[in-house]
Amino acid sequence: MEKDLDGRFERLEKAIGQMIDTLAKNNPSSKVAEELLAAERELTEGLKLLETHQNNNARIQELRQETSLLDTQIKDIASSLWNMRKELKAIPTTPKYPTSTKHQFTTSELLAYARRISRNTLPLPGVTNGVDMTPTQPPTQPTEPEDSFRLQSQPTQTQTPTTSFNLSFNGTVGTPGPMSAPTPNTTTNDTQPTTQQPPPSQQQQQHPTKATAEAKLPQHLKPAVNPLHDAAFHPWPTEDKIRMGGLAAIQRLVDRGVDPRGHDPEEEERRQREEEQARREAEERARQEREEAERRMREERERMARERERARQMEAAAGGGGGGGIERRESRGGEGAGAGAAGHKPKQFTFLGADDDDDDDEDD
Amino acid sequence: MESGPMSVDSSALDPPAVPEDGANEPKYGGYSRFELELEFVQSLANPQYLNYLASRKFLTNPAFVAYLDYLQYWTRPPYLKYLTFPTATLKMLELLQQEKFRQDIISPDLAMALFSEGMKTAVEWHREG
């Protein structure tokens, strides 16, 4: 660019010099003048070009600056992104139990659960675990039914049995919210007839007298007044419960040297019962068999005796005795009639027959 | 309660099946794993029992600590709804995950304090209601 401009300057200078020369020689030539004009025009163009060149240059510089600025910006962003990523990765996440799947449940399930746990989360009315619940009584007492009742019963406060009954009735059946509050009330009212507090003091200030009434009640009478007197509410399984549980049962098994794995007491019991049953059946069967065998033996013996008897009778008949070939009963009758010792003796083999005969003899 | 040596492997990795579909699982002394673990995790709610476990050096046994970690499945459904002492059980299970608490509960004073606090809170929490 500079060279180009230099060339143009030189041309102009040369043209000017020629012009001056021609003027000095007093011989102006139009050709030289035109050359001067052309040179001048060219220089102007060149200068304009230079100007745009300079402008462009400035613009280039500007753009370069801008790019470098943007470059640093992008670097910053990249590095901060990197840092953020690192931080994110450094955050400890719970490794287990992704809560992605929400557990669905219905209202009835929720209510059923609430009912199931209520006996373990809310103490029975009157069970205070030794905590002084009296400060909550004043705000809970002015509820509608009790209040109106107290107004009615105010003149007859000395007849406390009815009031205490009604109050305890209200306390147990009434709203479940202040459950524990009314019951101490009932106990204190119950105490009044036994301790015989003077009525005026009761009427003028109820709470302090209540406290003294409770304090004056003999210790051994308190359970009679309130069955839950010494009852405690445990929000966890008590030692008794733990000792009655399955783990304790397993410990007992282990102590006995039984491996609890796969051991089922119910199954065991069933098996034992079955074994017992089988044993008893086997005994029964053996007994029956024995009886059967005895019976058979007896029959056999009787049969043999009968045969022998018959053989004897036949022998006797063959020998010329009376009643041969007739029935045994008849023959026995014949014996009774006087068959003689020969007919009587073998009969003794069968005891019954012999006895019968003896009886018959005695009768005779 | 258990007195034999324990190993990390002895605690199963997956929670037992809920009763509905666990009919044929093996029994231990006539009880299913579900029943026994439910009973045990609720027994942990009793501060005196924890004190007893600590005094028997269970709470410093790494295998037992791993078992306590495993028992945390009771804090999630569908197991959660079987806890009948949810308040104390969940709190104790949470506390038992901390080493400091496992070391401290061996002190009878702490057990006693937890006991009396628990008894007091049990009747006081619904006082306003």
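Here the residue index of a chain counts from 1 through its sequence in written order. Both sets of labels track the order of writing: A upward for chains, 1 upward for ligands. Local features in a predicted model are, by the rule used here, given only for residues with pLDDT of at least 70; side-chain atom pairs are given and counted only at 80 or more, and totals for whole chains, interfaces and linings are based on all residues. The basis for the side-chain values is all heavy atoms of the structure; hydrogens and waters are excluded.

What counts here: UniProt positions are given in the numbering used here, feature names are shortened, and annotations may be inferred rather than shown by experiment.
For chain B, an unreviewed UniProt entry supplies the name Mediator of RNA polymerase II transcription subunit 31 and the organism Staphylotrichum longicolle. In UniProt, chain B has this text filed under Subunit (unreviewed entry): "Component of the Mediator complex." A UniProt comment under Sequence similarities (unreviewed entry) is attached to chain B, and it reads "Belongs to the Mediator complex subunit 31 family."

If you look chain A up in an unreviewed UniProt entry, it shows as Mediator of RNA polymerase II transcription subunit 4 from Staphylotrichum longicolle.

## Comments concerning the overall build of chain B
This is how the line gets drawn: Put simply, DSSP marks the helices as runs of H or I at least four residues long and the strands as runs of E at least two long, and each gets a number from the N terminus on. Contacts are assigned to residue pairs that have any heavy atoms within 4.5 Å of one another. Surface accessibility in these figures is a Shrake-Rupley result with a 1.4 Å probe; residues are shielded only by whichever protein chains are displayed.
When helices and strands are counted, chain B shows 6 helices and 0 strands. The linear arrangement of helices and strands in chain B, starting from the amino end, is α-α-α-α-α-α. Expressed as a percentage of contacts within chain B between residues at least 6 apart in sequence, the contacts between residues at least 24 apart total 66%. Of the roughly 6,600 Å² of accessible surface on chain B, a fraction of 57% belongs to carbon and sulfur atoms.

## What to know about the interface of chain B and chain A
Rules: By definition, a salt bridge exists where a carboxyl oxygen of Asp or Glu is found within 4 Å of a side-chain nitrogen of Lys or Arg. A 3.5 Å cut-off defines polar contacts: any pair of N or O atoms within that distance qualifies, except that in protein one atom must be a possible hydrogen donor and the other a possible acceptor, and neighbouring residues in sequence count only when both atoms are side-chain atoms.
Every contact between the two is made by 43 residues of chain B and, on the other side, 45 residues of chain A. Taken together, chain B and chain A are joined by 0 salt bridges. Applying the counting rule to chain B against chain A returns 6 residue pairs in polar contact (both at pLDDT 80 or more). When residues of the side of chain B that touches chain A are traced back to their parent elements, those giving at least two are helix H1 (33-43), helix H2 (47-55), helix H4 (86-95) and helix H6 (108-124) of chain B.

## Structural notes on the packing of H1 of chain B against helix H3 (residues 62-70) of chain B
All names here are of chain B. Selection rule: Throughout, an axis means a line fitted to C-alpha atoms (over the contacting stretch in the case of helices), and angles, computed between N-to-C directions, take values from 0 to 180 degrees. Should an angle fall under 35 degrees it is called roughly parallel, over 145 degrees roughly antiparallel, and 65 to 115 degrees roughly perpendicular, with every other angle called oblique.
Direction vectors running N to C along H1 and H3 enclose 100°, while the axes themselves pass 12 Å from each other. As judged from the angle between their axes, H1 and H3 are roughly perpendicular. Between H1, through Arg33, Glu37 and Phe40, and H3, the contact on the second element is made entirely by Phe64, Tyr67 and Tyr70.

## Comments concerning the confidence of the model for chain A
Residue and element names in this part refer to chain A. This is how the line gets drawn: Each residue gets a pLDDT score, which is the predictor's confidence in that residue and runs from 0 to 100.
Looking at chain A, pLDDT values average 72 and 60% of them are 70 or higher. Mean pLDDT per element in chain A: helix H6 (residues 160-173) is the minimum at 41, and helix H2 (residues 30-90) is the maximum at 93. Taken as a whole, residues 330-343 scores under 50 in pLDDT and shows 10 contacts with residues more than four places along the chain or in a different chain. Low confidence marks residues 358-364, where pLDDT is under 50. Its contacts with residues over four positions away, or in another chain, come to 1 contact.

## Quick notes on the packing of aromatic side chains
Stated formally: Here a pair means two rings of Phe, Tyr or Trp (six-membered ring of Trp) with centres within 6.5 Å. Their orientation is stacked below 30 degrees between planes, edge-to-face above 60, and tilted elsewhere. Relative accessibility thresholds used throughout: buried, under 20% of the residue-type maximum; exposed, over 50%; partly exposed, between the two (1.4 Å probe, protein chains only).
For the coordinates displayed, the defined rule picks out 14 aromatic pairs over all chains. Between the aromatic rings of Trp236 of chain A and Phe115 of chain B, the centroid separation amounts to 5.3 Å while the plane-to-plane angle is 50°, which identifies the pairing as tilted. One end of the pair, Trp236 of chain A, is in the loop between helix H10 (222-225) and helix H11 (239-244); the other, Phe115 of chain B, is in helix H6, on a second chain. Assessed through its relative accessible area of 4%, Trp236 of chain A is described here as buried. Aromatic ring contacts, followed pair by pair, group Phe34, Phe40, Tyr49, Tyr52, Phe58, Phe64, Tyr67, Tyr70, Tyr73, Trp74, Tyr79 and Tyr82 of chain B into a single cluster.

## A closer look at the side chain of Glu39 of chain B
Going by this rule: For the purpose of charge, His is not counted, nor are the chain termini; Lys and Arg are scored as positive and Asp and Glu as negative.
As for its position among the elements, Glu39 of chain B is in helix H1. One buried charged residue, Glu39 of chain B, forms no salt bridge at all, with the nearest opposite charge on Arg252 of chain A at 9.0 Å. If near-sequence neighbours (up to four positions away) are discounted, Glu39 of chain B is found in contact with Ile242, Gly245, Gly246 and Leu247 of chain A.

## Quick word on the confidence of the model for chain B
Residues and elements named next belong to chain B. Considering every residue of chain B, the mean pLDDT works out to 80; 83% of them sit at 70 or more. No element of chain B has a lower mean pLDDT than H6, which averages 86, and none a higher one than H2, which averages 89. Of the regions scoring below 50 in pLDDT, residues 1-11 engages in 20 contacts with residues more than four places distant in sequence or in other chains.

## Brief notes about the side chain of Thr121 of chain A
If you trace the backbone, Thr121 of chain A turns up in helix H3 (residues 107-121). For Thr121 of chain A, a relative accessible area of 17% translates into the label buried. Within the local environment of Thr121 of chain A, its side chain forms a polar contact with the backbone oxygen of Ile117 of chain A, the two atoms lying 3.0 Å apart. Among residues more than four places away in sequence, those in contact with Thr121 of chain A are Phe233 of chain A together with Pro86, Thr87, Ala122 and Trp125 of chain B.

## What to know about the packing of H2 of chain B against H6 of chain B
Residues and elements named next belong to chain B. Threshold: Helix crossings fall into two classes, left-handed where the near helix is turned counterclockwise from the far one by less than a right angle and right-handed where it is turned clockwise. Under the scheme applied, nonpolar residues are Ala, Val, Leu, Ile, Met, Phe, Trp, Tyr, Cys and Pro; charged residues are Asp, Glu, Lys and Arg; polar residues are all the others, including Gly.
Their axes nearest at 8 Å, the elements H2 and H6 cross at an angle of 165°. As the angle between them shows, H2 and H6 are arranged roughly antiparallel. Between H2 and H6 lies a crossing of right-handed hand. For the pair formed by H2 and H6, the contact residues are Pro47, Gln48 and Asn51 on the first element and Pro108, Ala111, Leu114 and Phe115 on the second. In the contact of H2 with H6, the residues fall into 5 nonpolar, 2 polar and no charged.

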